[in-house]
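What follows is the residue order along each chain.
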Amino acid sequence: MEELKKAAAHHATSYVKDGMIVGLGTGSTTKYAIEKIGEMVKDGLHIKGIATSRETEKLANEAGIPLVPLNEHDIDVTIDGADQVDGKLNLIKGGGGALLREKMVASCSMKEIIVVDESKIVSSFSFPLPVEVVKFGWESVAKKLRAFGFTPKLREGFITDNGNYILDCKYTSIENAEEMETMLNSIPGVVENGLFVKLADVVVVGTKGGIKIIKSNL
Ligand code: 5RP
């Protein structure tokens with residue numbers, strides 16, 4: 001599986017061109033892209049990166065990629081991972097806990113490229129949905145999530161880069177990702193949730209038969 005992740009991540013770096021502002025996602029698949037972009041920078045590529053987490057900031061620094069803060073930048077291309085991708089190219093993200101910054105960066109990106117191995121392509125979501133919540137009164141948010149049919153579990157010992165908790169929420173099915181994303185974010189105390197709807201432009205899938213590219217038709 002590592003080879004498939006690496007192949008997808010390396011392929012995605014072909015979208016990175018001189019002079020670009022590049023969003024750098026978080027996770028074990030994106031790590032391969034960051035390392036590869038670091039090599040490209042050493043070979044003379046001029047880009048500026050925007051990190052989606054402290055972990056990625058550290059990796060980018062080690063790889064020698066110059067970083068800028070998000071601020072008002074328009075991002076040319078972002079490479080990020082996902083926990084699951086459905087047939088409409090909606091995503092579940094946040095397994096690594098960086099969903100808020102990842103979604104902010106994705107929303108500012110002209111092209112969002114998702115890198116995954118083939119096991120993450122699904123017809124319907126099943127990965128527990130990460131929901132970032134403020135610490136204050138998090139149990140009251142968990143109660144509301146239960147009323148919506150979720151089974152939330154506090155991610156033990158984990159604090160996000162933004163100082164919040166994550167509730168990993170099991171469910172039987174998510175019928176309408178767009179409605180669910182909006183509904184979850186309307187609960188007071190929810191900061192962001194891991195449903196990424198209409199944000200992915202290209203999904204690069206590492207398969208045993210080679211690289212497969214899925215493009216959004218939106
Ligand atoms: C982090 C994420 C990651 O992109 C997602 O969890 C996939 O990670 P990995 O490539 O390690 O499987 O959303 O918040």
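Residues numbered from 1 in each chain as written. Predicted model: local features only at pLDDT ≥ 70, side-chain atom pairs only at ≥ 80, totals over all residues. Heavy atoms only, no water.

S.K.: Go over the overall build of the protein with me, naming the residues and quoting the values.
M.R.: Within the protein one finds 6 helices and 13 strands. Taking 17 Å as the expected radius of gyration for a compact globule of 218 residues, we find that the protein reaches 17 Å, a close match to that expectation. Put simply, 74% of the contacts in the protein that link residues at least 6 apart link residues at least 24 apart. Put simply, the protein shows about 10,400 Å² of open surface, and 52% of that area lies on carbon and sulfur atoms. (Helix = DSSP H or I, 4+ residues; strand = E, 2+ residues; numbered from the N terminus. Rg over C-alpha atoms; globule rule 2.2 N^0.38 Å. Contact = heavy atoms within 4.5 Å. Areas by Shrake-Rupley, 256 points an atom, 1.4 Å probe, with all protein chains shown as cover.)

S.K.: Give me the environment of Gly 137: which residues, what numbers.
M.R.: For Gly 137, the position within the fold is in the loop between strand E7 (129-133) and helix H5 (138-147). A residue is classified by how much of its surface remains accessible, and Gly 137, at 29% relative accessible area, is partly exposed. For Gly 137 and Ile 65, which are 72 residues apart along the polypeptide, the C-alpha to C-alpha distance reads 39 Å. (Buried < 20%, exposed > 50% of the residue type's maximum accessible area, 1.4 Å probe, protein only.)

S.K.: If you had to explain the site of the ligand to someone new, which residues and values would you point to?
M.R.: What surrounds the ligand is a group of 17 residues, the closest being Ser 28, Thr 29, Asp 83, Gly 94 and Lys 120. Between the ligand and Lys 93 there is a distance of 2.9 Å, counted from an oxygen atom to a side-chain nitrogen or oxygen. Gly 95 places a polar main-chain atom, nitrogen or oxygen, 3.4 Å from an oxygen atom of the ligand. Calculation on the ligand without its partners gives an accessible area of 380 Å², and the protein chains cover 89% of this total. When contributions to the shell around the ligand are tallied by element, the ones reaching two or more residues are helix H2 (28-42) and helix H4 (99-107). Considering only residue class, the shell around the ligand consists of 3 nonpolar, 9 polar and 5 charged. (Near = heavy atom within 4 Å. Polar contact = N/O pair within 3.5 Å; in protein donor to acceptor, adjacent residues only side chain to side chain. Nonpolar A, V, L, I, M, F, W, Y, C, P; charged D, E, K, R; others polar.)

S.K.: A description of the pattern of salt bridges should follow, citing residues and the corresponding values.
M.R.: All told, the structure shown has 10 salt bridges when counted by the stated rule. Between Asp 80 and Lys 93 there is a salt bridge, and its shortest N-O distance comes to 3.1 Å. Residue Asp 80 is located in strand E3 (residues 75-80), and its partner Lys 93 is located in the loop between strand E5 (91-92) and H4; the two are separated by 13 residues in the primary sequence. Here Asp 80 matches Lys 93 in class, with each residue buried. With a closest N to O distance of 3.1 Å, Glu 102 and Lys 93 form a salt bridge. Under the relative-accessibility criterion, Glu 102 is labelled buried at 3%. Lys 93 sits in the buried class, given a relative accessible area of 2%. Three or more residues are tied together by salt bridges with common partners; here these are Asp 80, Lys 93 and Glu 102. (Salt bridge = Lys/Arg side-chain N within 4 Å of Asp/Glu carboxyl O.)

Interpretation note: all reported values are geometric properties and have no functional meaning in isolation.
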